[in-house]
Every structure is written in C-alpha cells, then in structure tokens.
Amino acid sequence: MLAVGVAAGRQAEAGRIRFVALLCATLMLSLVVATLIAIHATYQGQATRGDARTPVFQEDVPGSTAKALWSVAGDSIPGSGPFQVVFIAPLTDDAPLPPGLSAWPRPGEAALSPGLRNHPAAQDVTKRYGRTVATIGEEGLQSPDELFAYVVPAAPLRGETVRPITGYGPGVGPVYYTVGQTDYAQPKWVFLSMVAFLGLLPAVVLLTVAARTGSHTRDRRTALVEVLGATPRNRNLIVVGEALVPVLVGTLLALCAVGTASFTDLRLPWAGHVLVSGDIRGWLWVFLPALLAVAVAVLAVVVLADRPGKRSTSSTRVSGRSRSLRPWALLCPVLLLIAVRGPELFTPGTTAFVMTNWVAAVGTLATLPAAVAVVTSMIGECLARVGRRHGLPGLVIAGRRAAAHPGPVARMTAGVLVAIGLLLQVVAWQGQLGQSSRAAQATVDRIGSTALVVQPRAATAEQLKTFKQDLPARVSVLSLTMAPETDSLTLRGSCTALQRLQLDCPTEPSALTKTPTDPRLRELIAWNGGLQAIVSVQQGEPLTALDDGDGFSQTVLISHDGEDISAADVKRQAHRVFPMGAEVSTIGGEWLTGSRVNQLHGRWITLFGLGGIGMLAAAAALAGLAEFLRNGRALAPVTMLAGNHRVFWSTAALSILLPLVLAGVVGCVVGAWLALPKTHGGASYITTGTLASCVAVAAALGVVAWIWGALVSVRQATGWRPRGE
C-alpha cells in the first residue's frame, strides 16, 4: 500500500506541485516550531550568561570580604538603543575578574564589547571612557553583538549607587537581577506569541492548502479503492505513501538548518540579532523529537484531509448555489472610507476613535478579496474583448475564466491581502508608543544640539568646577531647578549666559512674564514643566544636583554662536573629570534613545510578518496553480487552434501572476490607508522599504507559480491526443 501511494504521488494530477507544496509546508512548520524552541533557548542562554556576570553584593553574603566596588549606568550612541556601562574598581589583589576579561584594566582604562568597539556610529567610544585596552570575550556577553563596557575610573568611586561586591554569579552568592541588553528587551512571551501569530498560523494555512492540492483526482481514486474493497487502513497507507517522501525531505532540510545554527553563529536578516550556536546546541535534545513530531503531525493532517465524505452519485461536480460577490465588493470602499475618515469624528485616543478605525479596518480586510475578485472579473471581460479584437487566444481564455469564475481569485488573494493589512496595522501601532520620541526629534530638528542637558553622576564640587572650566569658551553653563510640588522652574546662570537667552539679569528670583524669544529656552521650559509652569530667572552661580534644597536641578549648556555643541566631546570630558561620567543629551533627547528599543522591536515584527506573508502567498500561489492545472487539460486542444504554446504562458500569467501581484499592491495601498488614523502625525514605522518588501514577496511567488504553471500546462498539451473531445 505504501508503494502504491508513492507511485500514485508521482503519477497523480498536480503530483509534482503537491510534492513541493507538502515539502514547503513541512519545512515551514518545522522552522516555525524550531524558532519557538530557539527563542526559549536564546532567552535561557542570555539569562545564564547574565547571571554569571551579575555581582554578588557583600551585604548579601554574611562574613564575606569586599573585593571590589561596583556600579552601573546607562549610555547610548547614535543609531543604537541604550546600553549599560559597568564602573568597577578592585579593592584587593585577589579581586575576581568579571567574566570575559583576562586582566584588570588600570585606572582610567576600559574594556568594550566587540559590538560597541566596532559600531559604525561609535567613532569616539574607544576614547570616551578612557583608554580602551581590552575586548570583552563572548563568555562575558549575553550575545555576541551586545553593547557593553567595563570601566575602571581614574578617580575613586563614590556615590549612592556604588556598592562593595564579593564576586559574580550564583556560585558565589545570591543574585537578584541581570545587567545587560535583556533589561531593554521584550519579555519572552511577546516573541513567542509573535511567532505563533505571524508564523504558526500561516504555516498551518499552507499545510491545509498543500494537503488538499490536487484533491479532485485523489478523491476519485479514494472512491475507486473503496469500491475495490480497501479498508480504512489500506487507504491511510496509500495516503501516507503518497506524502511520505516530501515530508521526509522537508524534515531533513529543517534538521540541516537547525544543525547549521547549532555549530555556527548566524546573524538574522533585518533584525540584525546574532543567534548563538551554543544556545541552540544545548537544546538539540528538544529540537530532534519536536521536528519528528511535526512530520508525524503533517502526515496525520494529510490522512485526515483525505478521509472520504458524502459524494454525489449522479455527478462528479460540486453542486451549490453561486453567490454574487458584488455586494461585498461594493461594501469594501464604504468601510475603507469609514476606517480612514470616521475616527476624525471623535477625540484621538478615545475608545470611539480606536474602535471606529479597528472595526472598519477588519470589515475592509474581510471584504477586500471580494473587491479584488470583482475588479479582476471586470478586467477579464475587457481582456476577453481585446483578445477577440486582436486574435489573442490567451487573453480570450484567461479573460473569460476570470469573468465567469471570480471566486477562485477571491480565495487565492484573501490570505495575502489580510496578511499585509494586519502586518501594516501592527507596524503602525508600534509608532503609537513613540509620541514623546517624535516630539524630541522635532525639538532636535528645530534647535539641533545648540543646547545640551548634562547630569553628572556622583560628582564633587571640585570636579564640577573643573568640568566647567574645561568647557569651550563659546559655551555657557546654566542650571534649571524644578520643584514639582509648586510646578515652578528656576533658571540660574551668569549674566552673560542669561543675556545669551535674551533674558534680564535680576539678582533675586524674578518671574518670567512673557513668552521667551530664544527657541532653546522655549524648548527647555516645555520639556521640564510645560509653558504653564511658573518660571523664575536669577543671576548667580548655577546650581548643581549636589546643592541642598528642594527640587531637582540639571545643568544646561548653551552655545553663544548658535552652533551645535558636540555631545560626544562633552561625554568624553565628563568621563575624564567625573568617576562615572555624566548623562548628556539634547533637550528631550533621552526619549530618542528610548524609542530606539521600540523601533528595533518593530523590525522583529516586520521580519516575522514578511515570513508569514511569504507562507500565505505561497499557499495562495499553490491553490491558484492547482486550480489552473486542474482545468489545464481542457486547454490542450487550444494548441491545435493557436499553433503555438504562447497561449499557456499568457493564460497562466493572467490567472496566477496578475491576481497575486494585484493582491500585493492593493494590500499595501489599502493597508497604508487603514493606518492613516495612526500615522497622520508621523506616528508610524511603515516605510517604503516595508511596503516594497511586501509587494516583492507576493510578486516573486507569483512569478514562480506563473512559470511553473505555464511549463506544466505546456507539458500536458504536448502529451495530449484527441479522444473524441
């Protein structure tokens, strides 16, 4: 029975297509399951390496001796998210080295991770923390591309955040948290649910389509073997034999991919993350049975999909009432208009605003395949007329089929349209979380870095004085003190600095009664209390965070000539003077660094989303190809009339390629329109590259299906002989 199934798979209608379909479905489903396991393995590996370098504080190990002083602070470089810098100073000769270091840097020296040291935007980082003398080994990093640094300050470490430690890792004592890139990463369940939604569901759709590909002839075969006395076990063995080879090949390819990832570090496209081979290798005992279970599950689905059902004894055709798609097609533009313009009737951010957009968007995506099918039917009628007028049989055949049977087009394009629409909705919502970052970017666009905010970490008065003396002559120093209880701000500085901001020089705090004329001052007030805050100005020595008193103070640097101040130079100077440097940013700039984390997360969504779109487009292409070839035998006699095989190429192009390309383009256009309520203020990460990638995936699969369908139909026509048709 297995041998009969293998032979039937080679000889059946659309046999090779089903072979490739089952192979791709098995491979994709296996890779999705492997990705879920790899996510868990990666998080476990990062947590293990993070725990190994986490300090064990002396206070948590009674009777232990302090070996070193330890503190951590955040930093950033252009184009990257935030990363962490560990400041450490050995107290004893036998102070344990942090994992990844082979020797202690001397005071005023630093060790950087390879990702930080070689970052294209980190031109000054090798000098920012002092002289860079070492590179942190992979065993001391959560991932090979992590941005991380160890700094031994030249000045003694002191401050509230500096604590004595006795060692590192759970083997020395209790550890309560990890330090590194996982502090800024999304929780594991977010990635698992993302892969399940954007990967597992499309893979199941692809498997369902693959299982039913070429089912017309296979159902007739099942009925025949039943008449001949085949038992359910016989039928199942035939079905398993037919699907066994492609399923095994797909499983072997997935095992090869897992094997490659377990022995070679792989950098993922678009997201840029490096998959650590050691993490994958440690979970091979889970990968192998999981992929074998996927193969068994695929065979089970194929068997269940081939179970005999009720069949008509009078006809081999499916009976049913044809339903018009025009009402649904006409409803699509109405719902699209409601989704785009309807939210304008409500206050942004309210439940009515969100629900109007979401409900109408879901309705638009649900009716969009019908609209595409109706439009394709109309195009088909036009093509048929053009074909008759110019004597082009391919246009006549494809046009008439599209005009008479729009349902298959709707089914073929539905998955692609819905997948692209949902992906763009998710990407658009990512931008909703970045309103403050957009405001910060607008501030940078207006004033650049002509004003910087500096917040030293654990600085003495002498160090503050040295820092201000070393600033360029074209830079003035002010302080802004905020008192949240009274919603008041106090700006202090020398008379020269105040005059640079077009302010008077009162010796006592004087309320600012008019709107500031200097744009830097307007931005500073807006970001630290809003224009409704009570603002006072006073001539005097700028306050620092070390001064006693109520409120919180920050140091502000402004340029005299309106030229930008180099933030990199200020950071390097801060690390040279202060033991743990200082936080340096443009006004509101800390939001720009934080938004980078959200942008990187959006890249993961795009990566998995494009994979899901690819699988749904493959399912659509296979379904369309099988539908085309099922009727391909009827086209064979046309060869005798046309005198060539070009009719098959044109018919396949209009039946398969055109609907898929149209689905990709329409899906992107409509998806971008549906996202307008979320993107009208620039609150979206939808880029031209994202849209082009979606169209390219659909078009590439359409081209493959077109060429494949045309070649197979030509082969069918070549072997055709008249039998009384």
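Our subject is the structure listed above.
Summary of the structure given here. Nothing here was measured: the structure is a model prediction, and the numbers come from that model.

### Some words on the overall build of the protein chain
And step 1. Along the protein chain, the regular secondary structure elements total 24 helices and 16 strands.
And step 2. Taking all contacts inside the protein chain whose residues are at least 6 apart in sequence as the whole, residues at least 24 apart take part in 80%.
And step 3. With the model as given, the accessible surface of the protein chain reaches about 34000 Å², and the carbon-plus-sulfur share is 61%.

### Focus on unusual backbone geometry
And step 1. Positive phi, normally seen in glycine, also occurs at Gln502, with a value near 60°.
And step 2. Tracing the chain through its elements places Gln502 in the loop between helix H16 (495-500) and strand S13 (510-511).

### Overview of helix H17 (residues 519-527)
And step 1. If you check which residues of H17 are buried, you get Arg520, Leu521, Glu523, Leu524 and Ile525.
And step 2. One or two steps after H17, the chain reaches Gly529, where phi turns positive at roughly 155°.

### Quick notes on the sheet that holds strand S11 (residues 475-483)
And step 1. Spatially, S13-S14-S12-S11-S15-S10-S16 is the arrangement adopted by the 7 strands of the open sheet, whose pairing is mixed. The open sheet terminates on both sides in strands that have one partner only, identified here as S13 and strand S16 (582-586).
And step 2. Sheet topology places S13 next to strand S14 (residues 534-539); 2 bridges connect them, and they run antiparallel. Looking across to S14, one finds that Ser510 is bridged to Val537.
And step 3. Each of strand S10 (451-456), strand S15 (552-559) and S16 is contacted by helix H18 (residues 567-577), which is oriented at about 170° to S16, the strand it contacts most.

### Considering a nonpolar patch on the surface
And step 1. Judged by side-chain polarity, Phe19, Val245, Val249 and Leu253 come together as a nonpolar surface patch covering roughly 280 Å² of accessible area.
And step 2. In terms of residue count, the dominant contributor to the nonpolar patch is helix H7 (residues 232-263) (3 residues).
And step 3. When you line up the elements, Val249 lands in helix H7.
And step 4. Under the relative-accessibility criterion, Val249 is labelled partly exposed at 30%.

### Side note on the state of the cysteines
And step 1. This model, assessed by the stated rule, comprises 1 disulfide.
And step 2. A sulfur-sulfur distance of 2.2 Å marks the disulfide that ties Cys495 to Cys505. Since a negative S-S torsion denotes a left-handed disulfide, the Cys495-Cys505 link at about 85° is right-handed. With Cys495 in helix H16 and Cys505 in the loop between H16 and S13, this pair connects stretches of sequence that are 10 residues apart.
And step 3. Cysteine Cys668 is unpaired, with the sulfur of Cys694 as its nearest cysteine sulfur at 4.6 Å.
And step 4. The exposure class of Cys668 is buried, given its relative accessible area of 5%.

### Things to note about the sheet that holds strand S7 (residues 163-168)
And step 1. Read from one edge to the other, the open sheet built from 7 strands follows the order S1-S7-S2-S3-S6-S4-S5, with strand pairing classed as mixed. Since the sheet does not close on itself, it has two edges, and those belong to strand S1 (55-57) and strand S5 (131-135), each with one partner. Sheet twist, expressed as the average angle between the axes of neighbouring strands with direction ignored, equals 40°.

### With respect to the packing of aromatic side chains
And step 1. Counted by the stated rule, this structure contains 8 aromatic pairs.
And step 2. With 5.8 Å between their ring centres and 85° between their planes, Trp649 and Trp706 make a pair best called edge-to-face. Of this pair, Trp649 sits in helix H22 (residues 646-674) while Trp706 sits in helix H24 (residues 688-718), and the two are 57 residues apart along the sequence.
And step 3. Of the residues examined, Trp649 reaches a relative accessible area of 31% and is grouped as partly exposed.
And step 4. An aromatic cluster is defined as three or more aromatic residues linked by ring pairs; in this entry it consists of Tyr43, Phe191, Trp604 and Phe608.
And step 5. Positioned over the ring face of Phe148 is Arg53, at 3.9 Å from the centre of the ring.
And step 6. Arg163 extends its terminal NZ or CZ atom over the ring of Phe57, reaching a point 3.8 Å from the ring centre.

### Focus: the side chain of Thr54
And step 1. Counting through the fold element by element, Thr54 comes out in the loop between helix H2 (15-53) and S1.
And step 2. A polar atom in the side chain of Thr54 sits 2.6 Å from the backbone oxygen of Gly50.
And step 3. Aside from chain neighbours lying at most four places away, what touches Thr54 is Gly167, Tyr168, Gly169, Val175, Tyr177, Thr178 and Val179.

### Looking at the nonpolar core
And step 1. Of all hydrophobic cores here, the largest spans 89 residues; its most connected members are Met194 and Val416.
And step 2. Residues within four places of Val416 in sequence aside, it is in contact with Leu616, Ala617, Ala620, Leu660, Ala663, Gly664 and Ala698.
And step 3. With 21 residues, the next largest nonpolar core counts Ile447, Ala451, Leu521 and Ile587 among its residues.

### What about the packing of helix H10 (residues 326-341) against helix H11 (residues 351-390)?
And step 1. The interhelical angle for the contact between H10 and H11, taken along N-to-C directions, is 145°, at an axis separation of 7 Å. Like other packed secondary-structure pairs, H10 and H11 cross with a definite hand, here left-handed. Along its contact with H10, which presents Arg326, Trp328, Ala329, Leu331, Cys332, Leu335, Leu336, Ile338 and Ala339, the element H11 presents Thr356, Asn357, Ala360, Ala361, Gly363, Thr364, Thr367, Leu368, Ala370, Ala371 and Val374.
And step 2. When its residues are assigned to classes, the contact of H10 with H11 shows 14 nonpolar, 5 polar and 1 charged.

### Focus: the environment of Val584
And step 1. Tracing the chain through its elements places Val584 in strand S16.
And step 2. Note on Val584: relative accessible area 10%, which makes it buried.
And step 3. It is 9.5 Å that separates the C-alpha atoms of Val584 and Ser76, two residues lying 508 residues apart in sequence.

### Things to note about the pattern of salt bridges
And step 1. Considering all chains together, one arrives at 14 salt bridges under this definition.
And step 2. A salt bridge links Arg163 to Glu59; its shortest N-O distance comes to 2.5 Å. Highlighted residues: Arg163 in strand S7 and Glu59 in the loop between S1 and strand S2 (68-75), separated in sequence by 104 residues.
And step 3. Looking at Arg163, the relative accessible area reads 27%, which means it is partly exposed.
And step 4. Relative accessible area serves as the criterion here: at 60%, Glu59 is assigned to the exposed category.
And step 5. The partner of Lys571 in a salt bridge is Asp75, with the nearest N and O atoms 2.9 Å apart. Residue Lys571 is found in helix H18, and its partner Asp75 is found in strand S2; the two are separated by 496 residues along the sequence. Both residues of the pair, Lys571 and Asp75, count as buried.
And step 6. By sharing partners, the salt bridges in this structure join Asp75, Arg128 and Lys571 into a single network.

### Section: a positive patch on the surface
And step 1. Residues Arg385, Arg388, Arg389 and Arg400 make up a contiguous surface patch of positive charge.
And step 2. A per-element tally of the positive patch places H11 first, with 3 residues.
And step 3. Inspection of the secondary structure puts Arg385 in helix H11.
And step 4. Classification of Arg385 by relative accessible area gives partly exposed; the value is 40%.

What counts, and where the lines are drawn
- Residues numbered from 1 in each chain as written.
- Predicted model: local features only at pLDDT ≥ 70, side-chain atom pairs only at ≥ 80, totals over all residues.
- Heavy atoms only, no water.
- Helix = DSSP H or I, 4+ residues; strand = E, 2+ residues; numbered from the N terminus.
- Contact = heavy atoms within 4.5 Å.
- Areas by Shrake-Rupley, 256 points an atom, 1.4 Å probe, with all protein chains shown as cover.
- Buried < 20%, exposed > 50% of the residue type's maximum accessible area, 1.4 Å probe, protein only.
- Pairing = 2+ DSSP bridges.
- Axes fitted to C-alpha atoms, helices over the stretch in contact; angles between N-to-C directions.
- Patch = residues over 30% accessible without salt bridge, like charges linked within 9 Å, V, L, I, M, F, W, Y side chains within 5 Å.
- Salt bridge = Lys/Arg side-chain N within 4 Å of Asp/Glu carboxyl O.
- Disulfide = S-S within 2.5 Å.
- Phe/Tyr/Trp six-rings, centres within 6.5 Å; stacked < 30°, edge-to-face > 60°.
- Lys NZ or Arg CZ within 6 Å of the ring centre and 35° of its normal.
- Polar contact = N/O pair within 3.5 Å; in protein donor to acceptor, adjacent residues only side chain to side chain.
- Core = buried A, V, L, I, M, F, W, Y, C linked by side-chain atoms within 4.5 Å.
- Left-handed = near helix turned anticlockwise from the far one by under 90°.
- Nonpolar A, V, L, I, M, F, W, Y, C, P; charged D, E, K, R; others polar.
- Lys, Arg positive; Asp, Glu negative; His and termini not counted.
- Charge placed at Lys NZ, Arg CZ, Asp CG, Glu CD.

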